[in-house]
Structure formats: structure tokens, C-alpha cells
Amino acid sequence: DVKVTQSSRYLVKRTGEKVFLECVQDMDHENMFWYRQDPGLGLRLIYFSYDVKMKEKGDIPEGYSVSREKKERFSLILESASTNQTSMYLCASSTNVWNTGELFFGEGSRLTVL
Amino acid sequence: KQEVTQIPAALSVPEGENLVLNCSFTDSAIYNLQWFRQDPGKGLTSLLLIQSSQREQTSGRLNASLDKSSGRSTLYIAASQPGDSATYLCAANNNDMRFGAGTRLTVKP
């Protein structure tokens with residue numbers, strides 16, 4: 001079975017802190033994604049990557065950056081956390097070019113910024 | 001830009017009922033459509049993936065259909081159980097995955 005692992009299930013950070021959210025997949029997938037999910041707003045794409053060292057902005061990239069140094073790992077970085085970044089963050093991966101494969105999600109990381 | 005709508009937003013049924021969840025999308029030029037289940041506070045679990053060339057997919061008590069020309073997909077759940085209670089989301093893929101807001105299903109014992 002495909003496994004997408006998010007290192008932290010729950011985090012509490014203070015405004016202005018730098019936050020790292022880590023995601024690892026074990027199926028050699030080319031594509032990896034970071035979403036955030038908020039009540040009433042659904043899932044929104046922050047960043048995605050089709051290959052190592054490659055990244056593309058999604059719908060809401062402001063305030064975030066990403067890193068993909070290895071194929072299996074995709075990190076989301078909040079350079080200076082703000083309260084409006086309190087959310088559930090979901091990592092996903094899929095195989096195939098042009099994102100035609102099945103999308104698999106991790107368990108999510110619930111971030112609270114105080 | 002693709003828009004995905006799921007109706008109803010919430011549904012409550014007694015155990016044992018067969019039910020249908022609906023998903024509509026505005027751009028029919030999709031590569032595939034995927035159905036997910038989400039339990040409270042958890043990530044999304046993939047249920048079924050239907051490629052654009054397919055009409056339906058089945059897994060156990062679940063059956064998903066796809067009608068690209070009308071921009072619709074349905075998820076049929078047979079003989080519902082309390083363990084089926086969750087939020088069900090569909091996502092349409094035009095090389096850019098767009099999600100519906102989900103249908104929150106409650107199955108009462």
C-alpha cells in the first residue's frame with residue numbers, strides 16, 4: 001500500500017516562528033502536493049512539485065515556500081508563521097506525468113499559530 | 001477554471017439504506033475523477049478513481065459512475081453501515097485537481 005507520512009500530527013507555534021512541515025512518500029511517486037483545508041473553504045492547493053528540485057505555485061502560495069531535495073520528501077515551510085495560517089495541512093502524492101494517477105494523502109498536520 | 005459541486009452537503013440515513021452521493025463539474029475535459037472519504041481530523045482516503053475513458057468503478061459496496069458529457073459523477077453506497085459515517089469528497093482532474101466541498105454522511109444504527 002502507498003504510504004504518505006506527515007511527520008507531525010499536531011503543532012502549536014507562536015506568531016513569527018519558522019515552521020517546517022515534512023512529508024515523505026514511499027512509492028517513488030513523481031508528483032507531490034501541499035494543501036490546506038479550512039471549514040467553509042475546502043481544500044486549497046499551496047504548492048506542488050513534479051520532480052526533484054522542481055516546484056510550482058498553487059492557488060495560495062503567499063506566506064509559504066517548499067523544498068524538494070529528494071524524490072520521496074516534500075517540505076512545506078512557513079517562514080514567519082501568522083495566526084491566519086492556523087489550519088489543517090495535507091500532503092499528497094501521485095504517480096504519472098500530467099497528474100493522471102491516483103492521489104494519496106497523508107494523515108494531515110493540524111497547525112495552531114498563537 | 002473547473003468548479004466542483006457536491007449535493008447534498010449533509011445526509012442522514014438509517015442503517016441498511018442504499019444511498020447516492022452526487023458530484024458535478026463544469027469542465028468535462030477531465031483526465032479522471034476520484035472519490036475520497038475523510039474522517040474527522042484525519043486525511044483523505046482514496047475510495048475510487050475513474051479514468052476519463054471509464055464509465056464506472058466498483059469496490060465492495062461502493063460503485064462510482066462517471067458521465068463526462070453531462071459533467072456528473074455519482075457514488076452509490078449499498079447497505080449503508082454506521083462505519084460509513086464520514087465526509088465524502090470528489091475531485092475532478094484537468095491536470096489540476098479540484099475538490100468539491102464534500103457531503104457529510106451520517107448512518108444511524
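In what follows, the structure referred to is the one given above.
Residues numbered from 1 in each chain as written. Chains lettered and ligands numbered in written order. Predicted model: local features only at pLDDT ≥ 70, side-chain atom pairs only at ≥ 80, totals over all residues. Heavy atoms only, no water.

1. Considering the nonpolar core
With 22 residues, the main nonpolar core has B:F25, B:L33, B:W35, B:L75, B:I77, B:Y88 and B:L105 as its most contacted residues. Those elements that provide at least two residues to this core are β3 (19-25), β4 (32-38), β5 (44-51), β7 (62-67), β8 (72-77), β9 (86-93) and β11 (103-108) of chain B. In contact with B:L75, not counting residues within four places along its chain, are B:L19, B:V20, B:L21, B:W35, B:L47, B:L48, B:L62, B:N63, B:A64 and B:Y88. The next biggest cluster of nonpolar side chains, apart from the first, holds 20 residues, and it includes A:L21, A:W34, A:F74 and A:L76. (Core = buried A, V, L, I, M, F, W, Y, C linked by side-chain atoms within 4.5 Å. Buried < 20%, exposed > 50% of the residue type's maximum accessible area, 1.4 Å probe, protein only. Helix = DSSP H or I, 4+ residues; strand = E, 2+ residues; numbered from the N terminus. Contact = heavy atoms within 4.5 Å.)

2. Things to note about the sheet that holds strand β7 (residues 65-70) of chain A
Residue and element names in this part refer to chain A. Within the open sheet, the four strands sit side by side as β1-β3-β8-β7. Their pairing is antiparallel. The sheet is open, and its two borders are formed by β1 (4-6) and β7, each paired with just one other strand. With strand direction ignored, the average angle separating the axes of adjacent strands in the sheet is 20°. Here β7 runs beside strand β8 (residues 73-78); their pairing, made up of four bridges, is antiparallel. Its bridge partner lying in β8, S67 is registered against S75. (Pairing = 2+ DSSP bridges. Axes fitted to C-alpha atoms, helices over the stretch in contact; angles between N-to-C directions.)

3. A short note on the environment of A:Q6
Residues and elements named next belong to chain A. Mapped onto the elements of the fold, Q6 is located in strand β1. Since its relative accessible area comes to 7%, Q6 is described here as buried. In the structure, Q6 is positioned 15 residues away from L21 in sequence and 7.4 Å away in space, judged by C-alpha atoms. In this structure Q6 touches E22, W34, Y89, L90, C91, G106, E107, G108 and S109, once residues within four positions along its chain are discounted. For Q6, the side chain forms a polar contact with the main-chain nitrogen of C91, separated by 3.0 Å. There is a polar contact of 3.0 Å between the side chain of Q6 and the side chain of S109. (Polar contact = N/O pair within 3.5 Å; in protein donor to acceptor, adjacent residues only side chain to side chain.)

4. Structural notes on the sheet that holds β7(B)
All names here are of chain B. Spatial ordering of the open sheet is given by β1-β3-β8-β7-β6, a layout of five strands whose pairing is antiparallel. Sheet topology places β1 (4-7) and β6 (56-59) at the edges, where each strand pairs with a single neighbour. On average, each strand axis in the sheet is inclined to that of its neighbour by 15°, with strand direction left out of account. Pairing analysis gives four bridges linking β1 to β3, with the strands arranged antiparallel. If you follow I7 over to β3, its bridge partner there is N22.

5. Observations regarding the interface of chain A and chain B
Taken together, the contacts link 17 residues of chain A with 19 residues of chain B. In total, chain A and chain B occlude about 1,500 Å² of area from one another, counting both sides; carbon and sulfur atoms represent 47% of this. Where chain A meets chain B, there are one salt bridge. The closest approach of N and O atoms between B:R98 and A:D59, which form a salt bridge, is 2.7 Å. Summed over the shared surface of chain A and chain B, the number is five residue pairs in polar contact (both at pLDDT 80 or more). Those elements that provide at least two residues to the side of chain A that touches chain B are β4 (31-38) and β9 (87-94) of chain A. (Buried area = accessible area lost by both parts, 1.4 Å probe. Salt bridge = Lys/Arg side-chain N within 4 Å of Asp/Glu carboxyl O.)

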